[in-house]
Amino acid sequence: MSAPLLLEAQALTRAFGGLVAVNSVTFSVAEGEIVGLIGPNGAGKTTVFNMLAGSMEPTSGTIRFDGADVTGMEPHDRARLGIARTFQITSIFPALTVRENVEAATYRAYRTGWLGSFFRTKAWRDEEASAAASAEEIMAFCDLADRAEVKGEALSYGAQRRLEVAIALATKPRLLLLDEPAAGLNPEEGQRLVAMIQKVRQSGVTVLLVEHHMRVVMGVCDRIVVLDHGTRIAEGAPAEVAANPEVIRVYLGREAAHA
Ligand SMILES: Nc1ncnc2c1ncn2[C@@H]1O[C@H](COP(=O)(O)OP(=O)(O)OP(=O)(O)O)[C@@H](O)[C@H]1O
């Protein structure tokens, strides 16, 4: 039996004035899958991501998460349901340590809020203890334990990208949206990231990633959706997509030429 669908984008469309950036794109991600969203610059990948995460409203179309329509839902409500994302532009606080960055994200996932913290209620102290334990676990998971006391700004680029994933994992998502996680990484750091994404999936989290780094995409994805000019032009297993003449023409040929 195939896994149930966790995310379903149906006829997703977004126009900016006269420009249709995303044009009736339909795809789904099954629970436990790693799916890649690829395509040339300006294809509409980030716009799709923004609509899935809730920071941008679609012009039309629907988004379902775990069977529920979340199309008009605010990003924080989607986060509460279990959708987390990373950004192309870093979300790290540079002056805070790795531990502080992860703990801050973990606190946001816990509930009591400032009143509890003001009165130092038992519930708040319990939450503080579990947030600290959870941060510890996430740092170890993301291979950052030995850098826990290092400030964000002092991390290597590869470790910064892993910290971004750690921050997103702190909300305990069911679906992790990764926006170009391998951008700027060298091959060794890229491999480390691939291993981490596989580990994320093994822990039960479903992953959708936008990525230009073909070795990462082909190495980690179960399935790939290809966009061009806002339209879905192909979908399939990595080998299938890599051999698709249309995909080679609009994207992979160009990437290979630049490799
Ligand atoms: N806020 C906006 N206002 C107007 N046009 C926009 C806006 N955001 C994106 N676009 C346009 O929509 C199209 C799709 O952009 P998008 O950033 O989604 O592409 P992309 O596939 O993520 O590209 P890249 O690989 O370069 O990140 C582009 O033509 C872009 O210029």
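Thresholds, definitions, all that
Residues numbered from 1 in each chain as written. Predicted model: local features only at pLDDT ≥ 70, side-chain atom pairs only at ≥ 80, totals over all residues. Helix = DSSP H or I, 4+ residues; strand = E, 2+ residues; numbered from the N terminus. Buried ≥ 20, exposed ≤ 12 C-beta atoms within 10 Å, placed from the backbone. Contact = placed C-beta atoms within 7 Å. Expected span 1.5 Å × (residues − 1). Arc of directions from axis to C-beta. Core = buried A, V, L, I, M, F, W, Y, C linked by C-beta atoms within 7 Å. Domains from an automatic or database assignment. Near = placed C-beta within 6 Å. Nonpolar A, V, L, I, M, F, W, Y, C, P; charged D, E, K, R; others polar. pLDDT = per-residue confidence, 0-100. Pairing = 2+ DSSP bridges. Axes fitted to C-alpha atoms, helices over the stretch in contact; angles between N-to-C directions.

The protein carries the name ABC transporter ATP-binding protein in an unreviewed UniProt entry, which gives Phreatobacter aquaticus as its organism.

Colleague: Go over the overall build of the protein, please, and point to the residues and values.
Modeller: Counting its secondary structure elements, the protein contains ten helices and ten strands. Buried residues in the protein amount to 38% of all 259 residues. For the protein, restricting intrachain contacts to residue pairs at least 6 apart in sequence, the fraction spanning at least 24 positions comes to 67%.

Colleague: Explain helix 7 (residues 187-202) to me, and be specific about the residues and the numbers.
Modeller: When the terminal C-alpha atoms of helix 7 are compared, their 23 Å separation across 16 residues agrees well with the 22 Å that a helix rising 1.5 Å per residue should span. Turning to helix 7, its buried residues are Gly190, Leu193, Val194, Ile197 and Val200. On an axial view of helix 7, the arc spanned by its buried residues comes to 120°, and they lie on one face. Exposed residues lying more than 90 degrees from the buried face of helix 7 are Glu188 and Gln202. Along its buried surface, helix 7 packs onto strand 3 (34-38), helix 6 (157-169), strand 7 (175-179), strand 8 (206-210) and helix 8 (214-220).

Colleague: Which residues make up the nonpolar core, and what values do they have?
Modeller: With 66 residues, the main nonpolar core has Val102, Ala166, Leu176, Leu177 and Val207 as its most contacted residues. Residue contributions to this core peak at seven residues, all from helix 6. In terms of domain composition, this core takes at least three residues from each of domain 1 (1-82 + 173-259) and domain 2 (95-172). Apart from residues no more than four positions distant in its own chain, Val102 is found in contact with Ala135, Ile138, Met139, Ala166, Ile167 and Ala170.

Colleague: So what's going on with the site of the ligand? Residues and values would help.
Modeller: The full set of residues close to the ligand is Phe16, Leu19, Ala21, Gly39, Asn41, Gly42, Ala43, Gly44, Lys45, Thr46 and Thr47. Considering every element that reaches the shell around the ligand, the biggest residue donor is helix 1 (residues 45-53), with three residues. Tallied by class, residues from the shell around the ligand come to four nonpolar, six polar and one charged.

Colleague: So what about unusual backbone geometry? Which residues, and what values?
Modeller: Phi is positive for Glu180, close to 50°, though the residue is something other than glycine. Within the fold, Glu180 resides in the loop between strand 7 and helix 7. At His229, a residue that is not glycine, the phi angle is positive and equals roughly 50°. Given 15 C-beta atoms within a 10 Å radius, His229 is considered partly exposed.

Colleague: Go over the confidence of the model for the protein, please, and point to the residues and values.
Modeller: For the protein, per-residue confidence averages 89 on the pLDDT scale, and 88% of positions sit at 70 or higher. Within the protein, no element has a lower average pLDDT than helix 4 (residues 113-119), which sits at 52, and none a higher one than strand 4 (residues 60-65), at 98. Both scores are given for the predicted complex: the pTM is 0.89, the ipTM 0.97.

Colleague: An account of the domain arrangement of the protein is needed here, citing residue identities and associated values.
Modeller: Taken as a whole, the protein is organised into domain 1 (1-82 + 173-259) and domain 2 (95-172). Between domain 1 and domain 2, the contact holds eleven residues from the first and twelve residues from the second. Here the side of domain 1 that touches domain 2 gets five residues from one element, more than from any other, and that element is helix 7.

Colleague: A description of the sheet that holds strand 4 should follow, citing residues and the corresponding values.
Modeller: Strands sit in the order 2-1-4-5 across an open sheet of four strands; the sheet is antiparallel. Each end of this open sheet is capped by a strand with a single partner; those strands are strand 2 (19-30) and strand 5 (68-69). The sheet contacts of helix 1 involve strand 1 (5-16), strand 2 and strand 4, and relative to strand 1 the element is tilted by about 120°.

Colleague: Break down the environment of Leu7 for me, citing the residues and quoting the values.
Modeller: Mapped onto the elements, Leu7 comes out in strand 1. Take Leu7: there are 23 C-beta atoms within 10 Å of it, and that puts it in the buried class. Considering only alpha carbons, one finds Leu7 and Arg85, 78 residues apart in sequence, at a separation of 14 Å.

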